[in-house]
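Listed here are the chains, written in short residue letters.
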Amino acid sequence: MSLAKPKVAFYWCASCGGCEEAVLDLAEKVLDVVAAVDIVFWPVALDFKRSDVEAMPDKSIAVSFINGAIRTSEQDEMAKLLRRKSQMVIAFGACAHQGGIPGLANLWNRQAIFDWYYRKGPSVATKDGPIPLTKIKVPEGELELPEIWDTVKCLDQVVDVEYYLPGCPPTPKILANAVQAILAGKLPAKGTVLAGTKALCGECKLNSTKPEKLLIKDIKRITEVVLDPEKCYLAQGVICMGPVTRGGCEALCIEGRMPCSGCFGSLDKTLDYGAKALSYVASIVDVMDQEEARKIMEKVADPTGIFYRYSMPASKLGRKRQKGAS
Ligand code: SF4
Ligand code: SF4
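Just so you know, these numbers come straight off a predicted model, no measurement behind them. (Residues numbered from 1 in each chain as written. Chains lettered and ligands numbered in written order. Predicted model: local features only at pLDDT ≥ 70, side-chain atom pairs only at ≥ 80, totals over all residues.)

**A word on the overall build of the chain**
Helix and strand counts for the chain stand at 11 helices and 9 strands. Relative to the globule expectation of 20 Å for 326 residues, the C-alpha radius of gyration of the chain, 22 Å, shows essentially globular dimensions. Sorting the 326 residues of the chain into buried and exposed places 35% on the buried side. Across the chain, the fraction of contacts at a sequence separation of at least 24, relative to all contacts at a separation of at least 6, is 74%. (Helix = DSSP H or I, 4+ residues; strand = E, 2+ residues; numbered from the N terminus. Rg over C-alpha atoms; globule rule 2.2 N^0.38 Å. Buried ≥ 20, exposed ≤ 12 C-beta atoms within 10 Å, placed from the backbone. Contact = placed C-beta atoms within 7 Å.)

**With respect to the sheet that holds strand β5 (residues 86-92)**
Ordered by their spatial adjacency, 5 strands build an open sheet running β2-β1-β3-β5-β9, and the pairing between neighbours is parallel. At either end of the open sheet lies a strand with only one pairing partner, and these are β2 (38-41) and β9 (163-165). Sheet twist, expressed as the average angle between the axes of neighbouring strands with direction ignored, equals 30°. Of the pairings in the sheet, the one linking strand β3 (residues 61-67) to β5 comprises 6 bridges and is parallel in character. Within β5, the residue paired with Val63 across the bridge is Met88. (Pairing = 2+ DSSP bridges. Axes fitted to C-alpha atoms, helices over the stretch in contact; angles between N-to-C directions.)

**Observations concerning the nonpolar core**
Membership of the largest hydrophobic core comes to 75 residues, with the highest contact counts inside it found for Tyr11, Ile66 and Ile90. For this core, the two domains that each supply at least three residues are domain 1 (7-101 + 151-184) and domain 3 (200-307). In this view, Ile66 contacts Tyr11, Cys13, Ala79, Leu82, Val89, Ala91, Phe92, Ala96 and Leu155; residues no more than four positions away in its chain are not counted. (Core = buried A, V, L, I, M, F, W, Y, C linked by C-beta atoms within 7 Å. Domains from an automatic or database assignment.)

**Section: the domain arrangement of the chain**
When the domains of the chain are assigned, the result is domain 1 (7-101 + 151-184), domain 2 (110-149) and domain 3 (200-307). Centre-to-centre, using C-alpha coordinates, domain 1 lies 29 Å away from domain 2. In this assembly, 6 residues from domain 1 lie in contact with 4 residues from domain 2. Contributing elements (two or more residues each) for the side of domain 1 that touches domain 2: β4 (70-72), α4 (73-85) and β8 (148-153). Residue classes in the side of domain 1 that touches domain 2 are distributed as 1 nonpolar, 3 polar and 2 charged. (Nonpolar A, V, L, I, M, F, W, Y, C, P; charged D, E, K, R; others polar.)

**What to know about the site of ligand 2**
Near ligand 2 there are 15 residues, and of these Cys201, Cys204, Cys232, Cys240 and Gly242 occur at the shortest range. Classifying every residue of the shell around ligand 2 gives 12 nonpolar, 2 polar and 1 charged. (Near = placed C-beta within 6 Å.)

**Comments concerning the site of ligand 1**
In the vicinity of ligand 1, 13 residues are found, and the nearest of them are Cys16, Gly18, Gly93, Cys95 and Cys168. Of all the secondary-structure elements, those providing two or more residues to the shell around ligand 1 are α1 (18-24) and α5 (94-98). For the shell around ligand 1, the residue count by class is 7 nonpolar, 6 polar and no charged.

Structure, rendered in structure tokens:
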């Protein structure tokens, strides 16, 4: 790959826009990036079109940073187009990495989601209004919209991915490190997650207050307690995913008095982040019998949303099975 002014693309799929903001969070360093690379596609900031990408020779883009999960036919097509045009694809952010927040839609299917948002939801004023169609005839001809899929996927479930930048969104530091490594041509083995290799607790300033044998008698929601900012949050009974989550974020949420919600995803040897997190929490709950265990786990208000918040599509189950589906 020629490293002189490499061509770079940024693209967003099923995304909230936060990953695009993360690029701007590089602050003045973004000017260094702009000076060092030739940005050839970035729909959120620059007026390039899909046809511009289609016209580029295959493999002419050095790196494409793609954020967001894949849940429409258009996102699938764009991911595949950018893959074809790029020497390297980086899954940028938790949604591209493991499915992220949009991946929680895998608890339902398209029909159930449409029913709620266009028919049954309490804020729907016109219960018999239109629902999104993929094709509609108008006097001028036929209009087409992308198809929304039943199942949200992460990026490497639709295209080959060289590297992953985790986080919701990735921190400016890991992005800057990745850009530097790319420009210097010093990249690790394909498939590497470009962040820490150890669990977050190792870089948390509260780690010294975490008991060696941690046991909790109760689970509390963050809204039920006034957290002592000097004591491990998990030891205070608030679920913190630090023990099972990849580090590299410098424990920014902990600094902001929020427990880790797991956006950097699983460690290298973890097969299923949610299963690992659930089994870890179950292992520290100090109860005498099943009834006590049941009562305490009932206090986990939204188990899927807590344990699989960022990783449902990448999990072993991938989605909630629908009745009758194979
Ligand atoms: S990873 Fe987080 S910040 Fe990035 S698009 Fe997904 S939800 Fe938004
Ligand atoms: S469990 Fe959370 S608060 Fe406690 S040391 Fe680990 S990251 Fe820090």
